[in-house]
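# Structural description and commentary
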There are 2 protein chains.
Amino acid sequence: MKPSSLEALIEALRCLPGVGPKSAQRMAYHLLQQQRPAAEHLAMCLTRALQVLRHCARCNTFSETELCPRCASSRRDPALLCVIETPVDMNMMEQTHAYNGLYYVLMGHVSPLEGIGPRELQLERLLERAMDGVVTEVILATNYTNEGEATAHYLSEMLKNHGIRVSRIARGVPAGGELEYVDSGTLAQALRERRAMTG
Amino acid sequence: MKPSSLEALIEALRCLPGVGPKSAQRMAYHLLQQQRPAAEHLAMCLTRALQVLRHCARCNTFSETELCPRCASSRRDPALLCVIETPVDMNMMEQTHAYNGLYYVLMGHVSPLEGIGPRELQLERLLERAMDGVVTEVILATNYTNEGEATAHYLSEMLKNHGIRVSRIARGVPAGGELEYVDSGTLAQALRERRAMTG
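So, here's what we can say about the structure. (Residues numbered from 1 in each chain as written. Chains lettered and ligands numbered in written order. Predicted model: local features only at pLDDT ≥ 70, side-chain atom pairs only at ≥ 80, totals over all residues. Heavy atoms only, no water.)

## Thoughts on unusual backbone geometry
All names here are of chain A. As a reminder of what qualifies: Secondary structure follows DSSP: runs of H or I at least 4 residues long count as helices, runs of E at least 2 residues long count as strands, and numbering of each begins at the N terminus.
Of note in the backbone geometry, Asn60 takes a positive phi value of approximately 75° without being a glycine. Of note, Asn60 is situated in the loop between strand S1 (54–55) and strand S2 (62–63). In the Ramachandran plot, Met107 falls in the positive-phi region, its phi being about 60° despite a non-glycine side chain. Along the chain, Met107 falls in the loop between strand S4 (101–105) and helix H6 (123–130).

Encoded structure:
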């Protein structure tokens, strides 16, 4: 007996991470009931973000411009390239104040179970980026989860086959943990203790 | 260093219930990264729902038409009026198959702490609805939470002062519980054992 526009909204809200049928229903009623101006604003912000945000041509993070401000900056060391899984991880790295190089954001990780392989992650773009003649070291800062580790191993092989020096942040990050939830001190140490990748 | 459109989206997502800064950030990246078509669809559904959904003139639930299909139906008993807090509660009542009357949805409850009083809930609309000359009994089916109980007591006084017969669903609903999470059997019993409201 729900109006079709309400059913459609509830169903559409389920694209949000971790939102099931009950949560989606609660969210829909909440938006329509108590948050109408905020809901209109949300629809507008979402539409606008989808329109104006694209991927930075160098580091692949979300950007409104061809190059993101960080990649366009002359104050960063272009010889260091840090590979991370998501833009959130980039924020975490910056908060350590222990890194002044550039980044490459994978926007995911290798995960055969989810059907995400090297092709889906467009890893050839990273290879091209790393072989610009300026980068002297690629620091792999993917998560220390199974998928992050698999991704790091794959990338290590790929990059070393092309003669690029590769390191991995130290296992200061707790096993099974994700960068997003680690404190800055631990992450700073992991960055300092990065080790050359062998075998 | 986040693009302003991304910051705006993250901030806007916080209007969703139970969504803090971290969750909002996760949602934004998830939408932009893996769910672009779904995100576009969500923005569209949200905009449309806000445009076409209004409140049913009789029962106050969300409806695309002046009267919702239930209020417009001739197969319901117009002598019984069940007062509930939210449209979700209406679904719960219907699932018991133990009620064939009509509804009035408060769209909230009396809550001095949240600044929601009788005026904010437009309780005079319910009074007007209950005094249509056809309604013979008003069944209060607000939650058995503190706010729901306070609302029931207030409504009971208000309606009885106008000579309207008022009952309350039995306390089969667990104390502190909400209708939305109760099984149909318990709710059906609470409905059957409703008691006249005195004192």
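## Concerning the interface of chain A and chain B
Accessible area lost when the parts come together is the quantity often used to give the size of an interface. Basically, it comes down to this: Contacts are assigned to residue pairs with any non-hydrogen atoms lying within 4.5 Å of each other. Once two parts are brought into contact, the accessible area they lose, counted with a 1.4 Å probe and summed over both, makes up the buried area. The working definition used for a salt bridge is a side-chain nitrogen of Lys or Arg within 4 Å of a carboxyl oxygen of Asp or Glu. Pairing of N or O atoms within 3.5 Å defines a polar contact, subject to two protein rules: one partner must be a possible hydrogen donor and the other a possible acceptor, and residues neighboring in sequence count only if both atoms are side-chain atoms.
Taken together, the 52 residues of chain A in the interface contact 52 residues of chain B. When the two sides are added together, the surface that chain A and chain B hide from each other amounts to roughly 5000 Å², 69% of it contributed by carbon and sulfur. Counting the contacts that link chain A with chain B gives 0 salt bridges. Taken together, the connections running from chain A to chain B amount to 10 residue pairs in polar contact (both at pLDDT 80 or more). Elements with a minimum of two residues in the side of chain A that touches chain B: helix H1 (4–13), helix H2 (21–33), helix H3 (36–52), S2, helix H4 (69–72) and helix H5 (87–95) of chain A. Looking at which element gives the most residues to the side of chain A that touches chain B, the answer is H3(A), with 14 residues.

## As for the pattern of salt bridges
Formally: The rule is simple: take the accessible area with a 1.4 Å probe, protein chains only, and divide by the maximum for that residue type; under 20% is buried, over 50% is exposed, in between is partly exposed.
Counted according to the given criterion, the structure contains 14 salt bridges over all chains. B:Arg168 serves as the salt-bridge partner of B:Glu149, at 2.9 Å between the closest nitrogen and oxygen. On the criterion of sequence distance, the pair formed by B:Glu149 in helix H7 (residues 146–161) and B:Arg168 in strand S6 (residues 166–168) is long-range, its members being 19 residues apart. Since its relative accessible area comes to 19%, B:Glu149 is described here as buried. On the accessibility criterion, B:Arg168 (0% relative accessible area) is buried. Here the salt bridges share partners, and the residues they tie into one network are A:Arg58, A:Arg129 and A:Asp132.

## Topic: the pairing of strand S4 (residues 101–105) of chain B
In plain terms, the rule: For crossovers, right-handed means that the path from the first strand over the helix to the second runs clockwise, given strands pointing away from the viewer.
Burial within S4(B) is extensive, with 5 of its 5 residues counted as buried. Handedness of the crossover is the feature at issue here: the chain leaves strand S3 (residues 77–84) of chain B, passes through helix H5 (residues 87–95) of chain B, returns alongside S4(B), and the resulting connection is right-handed.

## A few points about the packing of aromatic side chains
Filter applied, for reference: Two rings from Phe, Tyr or Trp (for Trp, the six-membered ring) form a pair when their centres are within 6.5 Å of each other. A pair whose planes differ by under 30 degrees is stacked, one over 60 is edge-to-face, and the rest are tilted. Distance and angle both matter: a charge sits over a ring if NZ of Lys or CZ of Arg is within 6 Å of the ring centre and within 35 degrees of the ring normal.
For the coordinates displayed, the defined rule picks out 4 aromatic pairs over all chains. Centre to centre, the rings of A:Phe62 and B:Tyr29 are 5.9 Å apart; their planes meet at 10°, and the pair counts as stacked. With A:Phe62 in strand S2 and B:Tyr29 in helix H2 (residues 21–33), this residue pair bridges two chains. On the basis of relative accessible area, A:Phe62 is assigned to the buried category, the value being 4%. Judged by its relative accessible area of 5%, B:Tyr29 is buried. Sitting over the face of the ring of A:Tyr144, A:Arg168 holds its NZ or CZ atom 4.1 Å from the ring centroid.

## As for the relation of the copies chain A and chain B
For clarity, the threshold we go by: The least-squares superposition of copies is restricted to C-alpha atoms, and to residues with a pLDDT of at least 70 in both copies.
By a simple turn and slide, chain A fits onto chain B: the slide is 0.0 Å along the axis, the RMSD is 0.1 Å, and the turn is 180°. The transformation just described matches what one would write down for a two-fold rotation axis. For chain A, the residue whose C-alpha comes nearest the rotation axis is A:Ala43, separated from it by 2.4 Å. Looking at chain A, 100% of its interface residues are interface residues in chain B too, so the copies touch through the same face.

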